[in-house]
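Listed here are the chains, written in short residue letters.
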Amino acid sequence: MDSIKRRNFLKNAALGSVATVIATSTQAKMVTPSEVEGPFYPITPQKDKDADLTKVDGKDGVAKGEIIVISGQVFDQHGNVVEDVTIDLWQANSFGRYHHPHDNSDAPIDENFQSWAILQSGKQGRFKFKTVMPGAYPLGASQQRTPHIHVKVGKLGYESLLTQMYFPNHPLNEKDGLFKRKSKEEQKMMTAKKLSKDGNQYRFNFVIERV
Ligand SMILES: [Fe+2]
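Conventions and cut-offs
Residues numbered from 1 in each chain as written. Predicted model: local features only at pLDDT ≥ 70, side-chain atom pairs only at ≥ 80, totals over all residues. Heavy atoms only, no water. Core = buried A, V, L, I, M, F, W, Y, C linked by side-chain atoms within 4.5 Å. Buried < 20%, exposed > 50% of the residue type's maximum accessible area, 1.4 Å probe, protein only. Helix = DSSP H or I, 4+ residues; strand = E, 2+ residues; numbered from the N terminus. Contact = heavy atoms within 4.5 Å. Donors = N, O, S within 2.8 Å, 3.2 Å for Na, K, Ca; no water. Tetrahedral: all angles 85-135°; square planar, octahedral: opposite > 155°, others 65-115°. Salt bridge = Lys/Arg side-chain N within 4 Å of Asp/Glu carboxyl O. Pairing = 2+ DSSP bridges. Axes fitted to C-alpha atoms, helices over the stretch in contact; angles between N-to-C directions. Phe/Tyr/Trp six-rings, centres within 6.5 Å; stacked < 30°, edge-to-face > 60°. Lys NZ or Arg CZ within 6 Å of the ring centre and 35° of its normal.

**Overview of the nonpolar core**
Ile-70, Ile-87, Leu-89, Phe-129 and Phe-206 are the most contacted members of the largest nonpolar core, which has 28 residues in total. When contributions to this core are tallied by element, the ones reaching two or more residues are strand E1 (67–76), strand E2 (86–90), strand E3 (116–120), strand E4 (126–132), strand E7 (148–154), strand E8 (161–166) and strand E11 (206–208). Apart from residues lying up to four places away in sequence, Leu-89 is in contact with Leu-53, Ser-115, Trp-116, Ala-117, Leu-119, Phe-129, Ile-149, His-150 and Val-151. Counting residues in each nonpolar core, the second largest holds seven residues, with Tyr-41, Ala-92, Tyr-98 and Trp-116 among its members.

**Describing the coordination of the iron ion**
In this structure, Tyr-98 (OH), Tyr-137 (OH), His-148 (NE2) and His-150 (NE2) serve as the protein donors to the iron ion, at separations of 1.9 to 2.2 Å. Geometry at the iron ion is irregular, judged from its four donor atoms and the angles of 91 to 160° they form at the metal. Counting gaps between the donor residues of the iron ion yields the pattern Y-x38-Y-x10-H-x1-H. Placement of Tyr-98 in the loop between E2 and E3 and of His-148 in strand E7 is noted, with a sequence separation of 50 residues between them.

**Here's the deal with the pattern of salt bridges**
By the definition in use, this model includes seven salt bridges. A salt bridge links Arg-181 to Glu-35; the shortest N-O distance between them is 3.5 Å. Taken together, the residues Arg-181 in the loop between helix H2 (177–180) and helix H3 (184–189) and Glu-35 in the loop between helix H1 (3–26) and E1 connect sequence positions 146 residues apart. Exposure remark for Arg-181: the relative accessible area of 58% places this residue in the exposed category. Across the pair Lys-59 and Glu-111 runs a salt bridge, and its minimum N-O distance is 3.4 Å. A residue pair is termed long-range when its members are at least 10 positions apart, and Lys-59 in the loop between H1 and E1 and Glu-111 in the loop between E2 and E3 qualify at 52 residues. The structure contains a network of salt bridges with shared partners spanning Glu-35, Arg-181 and Lys-182.

**Here we look at the sheet that holds E8**
What the four strands build is an open sheet, ordered E3-E2-E7-E8; its pairing is antiparallel. Looking at the sheet topology across the chains shown, the edges are occupied by E3 and E8. Neighbour to neighbour, the strand axes of the sheet diverge by 20° on average, direction disregarded. In this sheet, E7 lies alongside E2 in antiparallel orientation, the contact comprising five bridges. Bridge pairing in E7 links Leu-89 to Val-151.

**Describing the side chain of Asp-176**
Secondary-structure assignment places Asp-176 in the loop between E8 and H2. Accessibility expressed as a relative area gives 0% for Asp-176, which makes it buried. Excluding its chain neighbours within four sequence positions, the residues that come into contact with Asp-176 are Gln-144, Arg-145, Thr-146 and Tyr-166.

**Comments concerning the packing of aromatic side chains**
In the structure shown here, the tally under the stated rule is eight aromatic pairs. Centre to centre, the rings of Phe-127 and Phe-206 are 5.6 Å apart; their planes meet at 40°, and the pair counts as tilted. Here Phe-127, found in strand E4, pairs with Phe-206, found in strand E11; they are 79 residues apart in sequence, far enough to count as distant. A ring pair is formed by Phe-167 and Tyr-202, whose centres lie 5.5 Å apart and whose planes are at 85°; its orientation type is edge-to-face. You can see Phe-167 sitting in the loop between E8 and H2 and its partner Tyr-202 sitting in strand E10 (residues 201–203), a full 35 residues away along the chain. Through successive ring pairs, a cluster of aromatic residues spans Phe-40, Tyr-98 and Tyr-137. A cation over a ring is seen here: Lys-49 above Trp-116, with NZ or CZ 4.6 Å from the ring centre. Taking NZ or CZ as reference, Lys-152 lies 3.8 Å from the ring centre of Tyr-41, over its face.

Below, the structure written as structure tokens:
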């Protein structure tokens, strides 16, 4: 390659790499992966569906288990925050039992655990809720579901999202049939981040798609 050709080649290569960077930065972000609803979406009417699942209105006790706080934001696929999104979540109690008439496991029911919440994302698409670490539960004779929280996320004008939220470094994650079939990138998006090593605070962001 003579020196002029070489200079042009380098110039084009440099322009090419700039173009690649621009294309990447405007690319749509990955939407939070979806997951099956499972059999235990609440069917029993419940008045108290607020952001503190560790207490039930009218009862003095506190839910059993490790209390955790999960906060985050809702974004669209272009990175814009989305406010007034409905976040409908339900989970097993710390013993791995759902408050659902069809869950006939032998694990105890915790009357002080709220088990179901419906929240709205507020300013900057932010949300926060307090709950207990869901227990693992058996699935058939030989499998276990790793701890997870079921979530439906919806707002008019956006694709509705049905997903499950997982917890980092849980030994059952890698054995969980649903978690295992997701790609590493999907698993990462579906796993809450622990905000401090010893604390009980987690962060989880949702990315939903504008229709
Ligand atoms: Fe479940």
